[in-house]
Amino acid sequence: MSSKHIETEAIRTQIERSQFLEHSNPLFLTSSYVFEDAEDMRTSFADEKQRNIYSRYSNPNTSEFIEKICLMEGAERGYAFASGMSAVFSTFAALLNADDHVISSRSIFGSTQTLFNNILPKWNISVSSFKIDELDTIESLIQPNTKLIYAESPTNPAVDILDLKRIGDIAKKHNIIFIVDNCFATPYLQQPIKFGANLVIHSATKLIDGQGRVLGGVTVGTSDLIQKIYLFARNTGPALSPFNAWILSKSLETLPVRVDKHCDNALKVATFLEAHDKVNFVKYPFLKSHPQYELAKQQMKLGGNVVAFEIKGGIDAGRNFLNSIKLLSLSANLGDTRSIVTHPASTTHAKLPEEDRLQTGITGGLIRVSVGLEHTEDIINDLKQALEN
Ligand SMILES: Cc1ncc(COP(=O)(O)O)c(C=O)c1O
């Protein structure tokens, strides 16, 4: 990790200036790069020198974005992808062989669960899962062919916290690769490599973009693992576009100030909800009532921007609440300047059997709020009128 602060790295990390000496980094819309002569081309393709060859392999804008994330996460190297899911899939595809085994937290993003249930089995790759409050079962799930342990913290949508150091220690003891999806925390609030993760994945579509504009993903970690991921990606083509990388690198310049404000707003929203008599419970990592409050305080700088709460009256009350919302958006994204509400039981997780939903904390009345940057009073007033409607 560099000696500079994260805020400074996010702003001052910049690829070399062109002959125009621009202050702000330009956009490099080019598919390929030119060579001086045959020898320059030969040595470049033979990986005897590091340079841009073709934008599926690297591009100045993606390199700058990756470099910033590496500095913020304390990682050696990374590769940027077209979306968070292409980062998740490509990381698995690059590191796993047929017949391998994965151990994963049960509370993971829906599409990652679909990858485990429907796609990895094509290569006879099996997945065993552990509940967030049963980390002591992880060791018993290890098999001779276990290659990876996978976790998210905070979880989506129930906002549970997993003890990353404890999982990291188990992975290290058994020489298994530990991967953390750090999307909800961002590299500003939590750096999983400190707790033993070998690789960290982000959906940059969320708080890293922060304004609901572009899709993006990134995997960072140790050079040896990233080299495997790079070779897989270089040949299969899930690269982030230079335009999206340019947007995302600019967004990182303001990530710390935006996230500070998101977290401040979210804590106020969570405190309001906790005191409301139509609410059964609120889950926000930095509320004292959160079951893993102490752990969240150790692992994270602030509590993040997502608040989950259970409205009294179950699934019908949840749908009714959504129908009464006036200012906030009903949308599938999160981490936007605009606050967003979702009702997982009737939307994103509706296809799951109720028993599976409940195991990951998704009750009928659970509402997820991605708290944005509008004035807190306006966010709270909208939630209040919808609760009381
Ligand atoms: C925790 C988590 N991981 C991964 C993803 C997938 O990211 P993307 O939508 O950029 O593919 C999401 C999207 O919501 C997410 O919440």
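Look up a bit, the structure's there.
Residues numbered from 1 in each chain as written. Predicted model: local features only at pLDDT ≥ 70, side-chain atom pairs only at ≥ 80, totals over all residues. Heavy atoms only, no water.

Q: Give me the lowdown on the site of the ligand, citing residues and values where you can.
A: The immediate surroundings of the ligand are formed by S83, G84, M85, F109, E152, N156, D181, C183, S203, T205, K206 and G216. In the environment of the ligand, an oxygen atom lies 2.8 Å from a nitrogen or oxygen atom belonging to the side chain of S203. The protein chains hide 91% of the 390 Å² of surface that the ligand would expose on its own. Grouping the constituent residues of the shell around the ligand by class yields three nonpolar, six polar and three charged. (Near = heavy atom within 4 Å. Polar contact = N/O pair within 3.5 Å; in protein donor to acceptor, adjacent residues only side chain to side chain. Areas by Shrake-Rupley, 256 points an atom, 1.4 Å probe, with all protein chains shown as cover. Nonpolar A, V, L, I, M, F, W, Y, C, P; charged D, E, K, R; others polar.)

Q: Can you tell me about the sheet that holds strand β4 (residues 146–152), naming the residues and giving the values?
A: Working definition: the strands of a sheet are paired by backbone hydrogen bonds and lie parallel or antiparallel to each other. One open sheet holds the seven strands; their spatial order is β1-β7-β6-β5-β4-β2-β3, and the pairing between them is mixed. Each of the sheet's edge strands pairs with one partner strand only, and the pair in question is β1 (77–81) and β3 (126–130). Neighbour to neighbour, the strand axes of the sheet diverge by 20° on average, direction disregarded. Pairing between strand β2 (residues 101–105) and β4: four bridges, direction parallel. In the strand pairing of β4, S104 is matched with Y150. Packed on one face of the sheet, helix α3 (residues 60–73) meets β1, β6 (199–203) and β7 (217–221) and runs near 50° to β7. Those strands touched by helix α4 (residues 84–95) are β1, β2, β4, β5 (177–181), β6 and β7, and its axis lies near 150° from that of β6. (Pairing = 2+ DSSP bridges. Helix = DSSP H or I, 4+ residues; strand = E, 2+ residues; numbered from the N terminus. Axes fitted to C-alpha atoms, helices over the stretch in contact; angles between N-to-C directions. Contact = heavy atoms within 4.5 Å.)

Q: Outline the side chain of T155, supporting the account with residue identities and numerical values.
A: Along the chain, T155 falls in the loop between β4 and α7 (164–173). Look at T155 and you get buried, because its relative accessible area is 1%. Excluding residues within four positions of it along the chain, T155 makes contact with S107, I132, D160, L162 and F184. (Buried < 20%, exposed > 50% of the residue type's maximum accessible area, 1.4 Å probe, protein only.)

Q: Explain helix α5 (residues 110–119) to me, and be specific about the residues and the numbers.
A: Taken together, the buried positions of α5 are T112, L115 and F116. Within α5, the buried residues cover an arc of 90° as seen down the axis, which keeps them to one side. At its buried positions, α5 is contacted by α4, β2, β3 and β4. (Arc of directions from axis to C-beta.)

Q: How would you sum up the pairing of β5? Please name residues and give values.
A: Counting buried positions over the five residues of β5 gives five, a clear majority of the element. Burial along β5 is two-sided: I177, I179 and D181 facing one way and F178 and V180 facing the other are all buried. For β4 and β5, the ladder comprises five bridges, and the chain directions are parallel. Pairing of Y150 across the sheet is with I179, part of β5. Regarding the hand of the β-α-β motif, the stretch spanning β4, α7 and β5 is right-handed. (Right-handed = clockwise from strand over helix to strand, strands pointing away.)

Q: I'd love a proper account of helix α12 (residues 314–324), names of residues and values included.
A: Every α-helix winds through 3.6 residues per turn, so residues three or four apart in the chain are directed the same way. Inspection of α12 places A317, G318, F321, L322 and S324 among the buried residues, and these make up the whole buried set. Here the buried residues of α12 occupy an arc of 165° about the axis, which is enough to place them on one side. Away from its buried face, by an angle of more than 90 degrees, α12 presents the exposed residues D316 and N323. Contact partners of the buried residues in α12: β9 (306–311), β10 (329–330), β11 (340–342), β12 (366–370) and α14 (376–388).

Q: Give me the packing of helix α10 (residues 242–274) against α14: which residues, what numbers.
A: Orientation of α10 relative to α14, taken along the N-to-C sense of each, is 30°, at an axis distance of 10 Å. Here α10 is positioned roughly parallel relative to α14, judged by the angle of their axes. Like other packed secondary-structure pairs, α10 and α14 cross with a definite hand, here right-handed. On α14, the residues touching N265, K268, V269, F272 and L273 of α10 are T376, I379, I380, L383, K384 and L387. Split by residue class, the contact of α10 with α14 holds seven nonpolar, two polar and two charged. (Parallel < 35°, antiparallel > 145°, perpendicular 65-115°, else oblique. Left-handed = near helix turned anticlockwise from the far one by under 90°.)

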